[in-house]
Amino acid sequence: MTPTPQALYDADRDHAGWTPPLDLARYLARQALAEQQGADIHDPAAMIRAAVTLEQRLRHLLDALDAEDAR
């Protein structure tokens, strides 16, 4: 029996409540992009790692932007 697929992100389960400052979120997003740009497209594990890393950084960046807008 195949397990039920689980979403990469579940807002209720995964949101830690911490929002990084905008300058840190921007730095981390750029750093992750630079690190992942060399990922081997023929390596499924590398693609999964890149996707997860970039998805997390994008969420932090958007959270930081939303917090900045709310000020």
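Residues numbered from 1 in each chain as written. Predicted model: local features only at pLDDT ≥ 70, side-chain atom pairs only at ≥ 80, totals over all residues. Heavy atoms only, no water.

In this section: the pattern of salt bridges. All chains considered together, the criterion is met by two salt bridges. Arg-59 serves as the salt-bridge partner of Glu-55, at 2.3 Å between the closest nitrogen and oxygen. Of this pair, Glu-55 and Arg-59 both sit in helix H3 (residues 44-70), four residues apart, which is roughly one turn of the helix. For Arg-59, a relative accessible area of 34% corresponds to the partly exposed category. One salt bridge in this structure joins Arg-71 and Glu-68, with 3.8 Å as the shortest N-O distance. (Salt bridge = Lys/Arg side-chain N within 4 Å of Asp/Glu carboxyl O. Helix = DSSP H or I, 4+ residues; strand = E, 2+ residues; numbered from the N terminus. Buried < 20%, exposed > 50% of the residue type's maximum accessible area, 1.4 Å probe, protein only.)

Moving on: helix H2 (residues 22-36). Taking 1.5 Å per residue, 15 residues should reach 21 Å; H2 reaches 21 Å between its end C-alpha atoms and fits that length. Among the residues of H2, Leu-22, Ala-25, Leu-28, Ala-29, Ala-32 and Gln-36 are the ones counted as buried. Down the axis of H2, the buried side of the element spans an arc of 130°, and every buried residue falls inside it. Set apart from the buried face of H2 by more than 90 degrees, the exposed residues are Asp-23, Tyr-27, Arg-30 and Glu-35. Where H2 is buried, its residues contact H3. (Expected span 1.5 Å × (residues − 1). Arc of directions from axis to C-beta. Contact = heavy atoms within 4.5 Å.)

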